[in-house]
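So the chains spell out like this:
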Amino acid sequence: MKRTAHISDSHCHLDFPEFNGKIDQVVSKAARAGVTRMITICTNLHEEPQVRAIADKHQPVFYAAGVHPMNVAKEALAQVDELIKISRHSKMVGIGETGLDFFYTQESADLQIQSLRIHIAAARETNLPLIIHSRKADDKMSQILTEEYRNGDFSAVMHCFSSSFQLAKSALELGFYLSMSGIATFPRSHELRDIFAATPLERIIVETDAPYLAPPPHRGKRNEPAFVTHTAQAGAKLFGLDYETFAAQTEQNFDRLFTKARRQT
């Protein structure tokens, strides 16, 4: 019987209501599909204990913690020391998600920028990768990342990348990674696929952003980590590779970025 290639879902939200009472099944289904690791993302620090508990219970699950840009006006700003303290947990492997969202929450732009800089400082101090959300904020995001990198380097991934070629170029020049989600598989995402096709293969990782953005043939349904294989199949086709080769390369990329997770697997 052919062995299923291993792959990792670098970004999902297993604490969201869509997975209530179903996490055991979701993790088992992912394993059967060859998804041997997944990172569940905390988007509000007051929910960090619940997210951590999911990672503690399930061996393949790691987690990251931060304050999503759309949530910065709803709770106190994260503090660098607070993020550093959380990062000491063995399965906490990334800072974020953080970033800028000027599509839904432009009114909190100043707070979002302040929060992003705090998360960058924490990423620098902990040597953990920054997980960046960016929507309709390309110029400001590029400016901040470039400025901050000059103040001291850090690693990062542009999560669920669906922005401009220019932001992709800026991120790649800083040594960051682009994460391919189900959006890259949608029929109308020609320009986004062109951006990924022009990206060095060694700088691409894959994700679901579950429960959102399910790729075909599951589009319109609840997304889950097992479905990252469909996104990877689309990525393999884009690069003219077989699935196993593409999956193996994204695993190497994941290990290079999420070094703390690599050491535990």
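Read on for a plain summary of the structure. Note that the coordinates shown come from a computational prediction; the quantities given were computed from them, not determined experimentally.

Focus: the overall build of the chain
Part 1: Secondary structure assignment for the chain yields ten helices and eight strands.
Part 2: Relative to a compact globule of 265 residues, whose C-alpha radius of gyration would be 18 Å, the chain shows 17 Å and is just as compact.
Part 3: Taking the principal axes of its C-alpha atoms as reference, the chain extends roughly 50 × 40 × 35 Å.
Part 4: Counting over 265 residues, the chain shows a buried share of 59%.
Part 5: The contacts in the chain between residues at least 6 apart in sequence include a share of 74% that link residues at least 24 apart.
Part 6: When the accessible surface of the chain is summed, it comes to about 11,600 Å², and 50% of that surface belongs to carbon and sulfur atoms.
Part 7: Charged side chains in the chain number 30 positive and 31 negative. The centres of these two groups are separated by 5 Å.

Structural notes on the nonpolar core
Part 1: In terms of nonpolar packing, the biggest core is built from 72 residues, with Leu130, Leu145, Met158, Phe161 and Leu178 touching the most fellow members.
Part 2: Apart from residues lying up to four places away in sequence, Leu145 is in contact with Ile120, Ile132, Phe154, Met158, Leu174 and Phe176.

Thoughts on the side chain of Asp9
Part 1: By secondary structure assignment, the location of Asp9 is in strand E1 (residues 7-12).
Part 2: Once residues lying within four places of it in the same chain are set aside, the contact partners of Asp9 are Val35, Arg37, Met38, Ile39, Val206, Glu207, Thr208, Pro225 and Val228.

Here we look at the packing of aromatic side chains
Part 1: All told, the structure shown has eight aromatic pairs when counted by the stated rule.
Part 2: Note on Phe254 and Phe258: the rings are 5.0 Å apart at their centroids and 40 degrees apart in plane angle, and the pair reads as tilted.
Part 3: An aromatic cluster of at least three residues, connected via ring pairs, comprises Tyr149, Phe154 and Phe176.
Part 4: The positively charged end of Lys91 is found above the aromatic ring belonging to Phe62, 5.0 Å away from the centroid.
Part 5: We note Arg219 situated over the ring of Phe186; from NZ or CZ to the ring centre the distance is 3.8 Å.

Here's the deal with the sheet that holds strand E7 (residues 177-180)
Part 1: Taken together, eight strands build an open sheet; the order of strands is E1-E2-E3-E4-E5-E6-E7-E8 and the sheet is parallel. The open sheet has two free edges, formed respectively by E1 and strand E8 (204-206), since each of these has just one partner strand. Along the sheet, successive strands turn relative to each other by an average axial angle of 30 degrees, direction set aside.
Part 2: Pairing analysis gives three bridges linking strand E3 (residues 61-65) to strand E4 (residues 92-101), with the strands arranged parallel. Counted as the bridge partner of Tyr63 is Met92 from E4.

Structural notes on helix H8 (residues 228-239)
Part 1: Here H8 is twelve residues long and its end C-alpha atoms lie 17 Å apart, about the 16 Å a rise of 1.5 Å per residue gives.
Part 2: Along its buried surface, H8 packs onto E1, strand E2 (35-42), E7, E8 and helix H9 (243-257).
Part 3: Note on H8: the residue one or two positions beyond its end, Gly240, has a positive phi of about 70 degrees.

A look at helix H3 (residues 80-87)
Part 1: Every buried residue of H3 is accounted for by Leu83, Ile84, Ile86 and Ser87. What you see down the axis of H3 is that its buried residues fit within an arc of 160 degrees, all on one side. H3 presents Asp81 and Lys85 as exposed residues on the side facing more than 90 degrees away from its buried surface.
Part 2: Looking at the buried residues of H3, the elements they touch are helix H2 (48-57), E3, E4, helix H4 (109-126) and helix H10 (259-262).

Re the environment of Asp255
Part 1: Within the fold, Asp255 resides in helix H9.
Part 2: Taking the C-alpha atoms as reference, Asp255 lies 25 Å from Gln25; in sequence the two are 230 residues apart.
Part 3: Ignoring any residue separated from it by four or fewer positions in sequence, one finds Asp255 in contact with Arg37 and Arg262.

Looking at the pattern of salt bridges
Part 1: All chains considered together, the criterion is met by eleven salt bridges.
Part 2: With its nearest N and O atoms 2.9 Å apart, the salt bridge here joins Glu224 to Arg222.
Part 3: A relative accessible area of 5% means that Glu224 is categorised as buried.
Part 4: The class for Arg222 is partly exposed, based on a relative accessible area of 28%.

What to know about the pairing of E3
Part 1: Extensive coverage of E3 is indicated by the burial of five of its five residues.
Part 2: On E3, burial covers both faces: Val61, Tyr63 and Ala65 on one face and Phe62 and Ala64 on the other are all buried.
Part 3: In the sheet, E2 pairs with E3 via five bridges, with the strands oriented parallel. Paired with Cys42 across the bridge in E3 is Ala65.
Part 4: This β-α-β element, E2 to H2 to E3, shows right-handed connectivity.

What counts as what
- Residues numbered from 1 in each chain as written.
- Predicted model: local features only at pLDDT ≥ 70, side-chain atom pairs only at ≥ 80, totals over all residues.
- Heavy atoms only, no water.
- Helix = DSSP H or I, 4+ residues; strand = E, 2+ residues; numbered from the N terminus.
- Rg over C-alpha atoms; globule rule 2.2 N^0.38 Å.
- Buried < 20%, exposed > 50% of the residue type's maximum accessible area, 1.4 Å probe, protein only.
- Contact = heavy atoms within 4.5 Å.
- Areas by Shrake-Rupley, 256 points an atom, 1.4 Å probe, with all protein chains shown as cover.
- Lys, Arg positive; Asp, Glu negative; His and termini not counted.
- Charge placed at Lys NZ, Arg CZ, Asp CG, Glu CD.
- Core = buried A, V, L, I, M, F, W, Y, C linked by side-chain atoms within 4.5 Å.
- Phe/Tyr/Trp six-rings, centres within 6.5 Å; stacked < 30°, edge-to-face > 60°.
- Lys NZ or Arg CZ within 6 Å of the ring centre and 35° of its normal.
- Pairing = 2+ DSSP bridges.
- Axes fitted to C-alpha atoms, helices over the stretch in contact; angles between N-to-C directions.
- Expected span 1.5 Å × (residues − 1).
- Arc of directions from axis to C-beta.
- Salt bridge = Lys/Arg side-chain N within 4 Å of Asp/Glu carboxyl O.
- Right-handed = clockwise from strand over helix to strand, strands pointing away.

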